[in-house]
Every structure is written in C-alpha cells, then in structure tokens.
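Close look at the chain arrangement
Spelled out from the first residue to the last, the chains are:
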Amino acid sequence: MQRSAQRTRLSRILACAAVPVMLVAAGCSSDSGDSGKTEGGGQDKTSASASATPSPSQTTKAVEPAKFAKLPEVCKAISAKTTASLVPKAKTKNGTPAQSSDLTSRGGCSWNGLDDKGVKGSQYRWLDVSFYRYDSDAALGSGQERAQENLAKELAKVQGTEGAKKLRTFTASGIGDEAKTVTYQLRKTDEDFVYASIVARTGNVLVLLSYNGAGYAGADAPSERTIVDGAAKAAKEAVAAVAAANK
C-alpha cells in the first residue's frame, strides 16, 4: 500500500510539472485531497488571502512632505533698512503685526507713513506683507500643491480689486518658485494711488505683498516703476526669510 501511494504521488508530481505555472498554483499546490490546508497543516487559503488584503492605511495615497515647517517672524522678514527706504517716516518703524490665532500657519505685518516735504508736498507710502503656510494632507494634497492652488485664488482676488484702473499682470522673475505682479491705480482721498501687489510661492508657503503710494499737497504720485521695484525688493527678502527660518 505504501509503494502504491508513493507511485500515485510521483505520478501527480510529474503531471503537475507539465502544467503551466499559473495552473500549478491552482490545482497542484497540495499532495492531499484537502485543498484548504497547507502541507504543514497551516491556515486555509481563504484566511491567507484575507490576511494579505492591504489595510486602509496601506492603501492611502502618499503625499509629498511639506517643505517648510514654520514661518519667520513676520515683522522682521523684511529688513529695517528696506522698510525705512520704502516707507519713510513710518508711524511704527518696526511694523504693526496683524492678529493671528496660529503664527505657524499665517501672519502679517504692515508699515505706513507720510513724508511731509513742506511746500514740495508730501509722499504717502504703505507696505504690507502676509505669509500663509500649508501642511501636506492625504485628503487635500501636498503642502506645495495646496499653496499653488491658493496662489491662483489670491491672484484672482487682487485682479478683481474694485475700482482698479490700468490693471496689468506679469511674471515676477527671481522671486520664490513662482510669482506674479499685479499693478494698478486707485482713486482714494481725491488722490491717485499707485499699487504693486506680488503673489509669490516658495515651497508650501505663500507670500502676499502689497506696496502703494500717493502724492499729497501738490506732490506727484510715485511712478509705477518706483513702486514695482520697491515691492520686488521687499518680496525677495520675505521669501528668503522663509528659508532662513527653517534652517
């Protein structure tokens, strides 16, 4: 009987050797009639299949980690030398911080002042900078992707400024990973204000900067070039401050 069983087993092995590999796995995985058990008497195939099914956490799409974990001290993100040149006679030389409930995710600071030149008139300037940091989220996307999406939204808000005249948009080169400048004019307090707003992205952080000015008491309004160049200088410093804060 033992020899007969051995011959039967040998015949089955030879038969299986001639079957394609995929079929071997299906029909020749066991030497016994019990196809639900492994040769060593382990778990059945159904249980093995179930245990191999990936868990929800394993199937969650991986997202790129956020590049920056924190923001700089906002009112120090632009040097005192730059703010003094852009906003002479600023009311608060160190800037006025914006209120924020979470300084790791958002913050802002502004400077404004009137430089009275006597009979030559006066020059008014306003500088404002805001930072927004986005974390990576499996449901929302990477921090970089979220920052890109919000850059487009913030740019649209600036372009939709009510009452804006002579509005134009162009690429701001050399500022972060991507940046756009929007220039326009607004009539306020019976004076023409010249604006330059820059929306820039560095990694997962958005930098929104606005610089504007006007001439009072007979003084000419500042040129668009003066305002654009000033905004670009401040925006570059703000972007560099993000990297410096995360070293």
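Structural notes, computed from the coordinates. Remember, predicted model here, so these are calculated numbers, not experimental data. (Residues numbered from 1 in each chain as written. Predicted model: local features only at pLDDT ≥ 70, side-chain atom pairs only at ≥ 80, totals over all residues. Heavy atoms only, no water.)

Structural notes on the overall build of the protein chain
Check the secondary structure of the protein chain and you find 7 helices and 7 strands. The order of helices and strands in the protein chain, counted from the N terminus, is α-α-α-α-α-β-β-β-α-β-β-β-β-α. Of all intrachain contacts in the protein chain linking residues separated by at least 6 positions in sequence, the fraction that spans at least 24 positions is 56%. Just so you have it, the protein chain exposes about 14,900 Å², and 53% of that area is on carbon and sulfur atoms. (Helix = DSSP H or I, 4+ residues; strand = E, 2+ residues; numbered from the N terminus. Contact = heavy atoms within 4.5 Å. Areas by Shrake-Rupley, 256 points an atom, 1.4 Å probe, with all protein chains shown as cover.)

Details of the environment of Pro-97
Summarising the element assignment, Pro-97 is placed in strand β1 (residues 96-97). For the pair Pro-97 and Gly-108, spaced 11 residues apart in sequence, the C-alpha to C-alpha distance is 5.8 Å.

A few points about the nonpolar core
Formed by 34 residues in total, the largest nonpolar core has its most connected members in Ile-78, Leu-127, Val-129, Phe-131, Ile-175, Val-207 and Leu-209. Of all the secondary-structure elements, those providing two or more residues to this core are β2 (106-116), β3 (122-133), β6 (191-202), β7 (205-216) and α7 (224-245). At 9 residues, α7 tops the list of elements feeding residues into this core. For Val-129, the residues in contact, after removing those within four places along its chain, are Val-74, Ile-78, Gly-107, Gly-108, Cys-109, Trp-111, Val-207, Leu-208, Leu-209 and Ala-238. Core analysis: the second largest hydrophobic core is formed by 15 residues, Val-158, Val-182, Tyr-195 and Val-199 among them. (Core = buried A, V, L, I, M, F, W, Y, C linked by side-chain atoms within 4.5 Å. Buried < 20%, exposed > 50% of the residue type's maximum accessible area, 1.4 Å probe, protein only.)

A short note on the sheet that holds β2
Read from one edge to the other, the open sheet built from 7 strands follows the order β1-β2-β3-β7-β6-β5-β4, with strand pairing classed as antiparallel. The open sheet is flanked by β1 and β4 (165-171), the only strands paired with a single partner. Judged from the 11 bridges that link them, β2 and β3 form a sheet pairing that is antiparallel. Within β3, the position partnered with Asp-116 by the bridge is Ser-122. (Pairing = 2+ DSSP bridges.)

Focus: the pattern of salt bridges
Under the defined criterion, the tally for this structure stands at 10 salt bridges. Notably, a salt bridge pairs Arg-201 with Glu-178, separated by 2.7 Å at the nearest N-O pair. Linking Arg-201 in strand β6 with Glu-178 in strand β5 (residues 178-188), this pair joins segments that are 23 residues apart in sequence. The class for Arg-201 is buried, based on a relative accessible area of 8%. Here Glu-178 falls in the partly exposed class, since its relative accessible area comes to 29%. (Salt bridge = Lys/Arg side-chain N within 4 Å of Asp/Glu carboxyl O.)

Considerations on the environment of Gly-95
The residue Gly-95 is located in the loop between α5 (80-86) and β1 in this model. For Gly-95, a relative accessible area of 10% gives the class buried. When the C-alpha positions of Gly-95 and Cys-109 are compared, they lie 6.0 Å apart, and in sequence the two are 14 residues distant. When near neighbours in sequence (up to four residues on either side) are disregarded, Gly-95 contacts Cys-75, Cys-109, Ser-110 and Trp-111.

Observations regarding the pairing of β6
With 10 of 12 residues buried, β6 is to be regarded as a mostly interior element. Judged from the 11 bridges that link them, β5 and β6 form a sheet pairing that is antiparallel. The residue bridging Arg-187 from the neighbouring strand is Asp-192, located in β6. In sequence, β5 turns back onto β6 through a hairpin of 2 residues, with Thr-189 there showing a positive phi of about 45°.

Side note on helix α6 (residues 143-159)
For α6, spanning 17 residues, the distance from its first C-alpha to its last is 24 Å, which sits close to the expected 24 Å at 1.5 Å a residue. Along α6, the positions that sit buried rather than exposed are Gly-143, Gln-144, Ala-147, Asn-150, Leu-151, Glu-154, Leu-155 and Val-158. The buried residues of α6 occupy one face: seen down the axis, they fall within an arc of 150°. The elements touched by buried residues of α6 are β4, β5, β6 and β7. (Expected span 1.5 Å × (residues − 1). Arc of directions from axis to C-beta.)

Details of the environment of Pro-222
Inspection of the secondary structure puts Pro-222 in the loop between β7 and α7. Pro-222 sits in the buried class, given a relative accessible area of 10%. Placed 99 residues apart in sequence, Pro-222 and Gln-123 show a C-alpha to C-alpha distance of 8.2 Å. Those residues in contact with Pro-222 that sit more than four places away from it in its chain are Gln-123, Arg-125, Val-194, Gly-213, Ala-214, Gly-215 and Ile-227.

Quick notes on unusual backbone geometry
A positive phi angle is found at Lys-89, which is not glycine, with a value near 60°. Along the chain, Lys-89 falls in the loop between α5 and β1. Among the residues examined, Lys-89 registers a relative accessible area of 60% and is labelled exposed.

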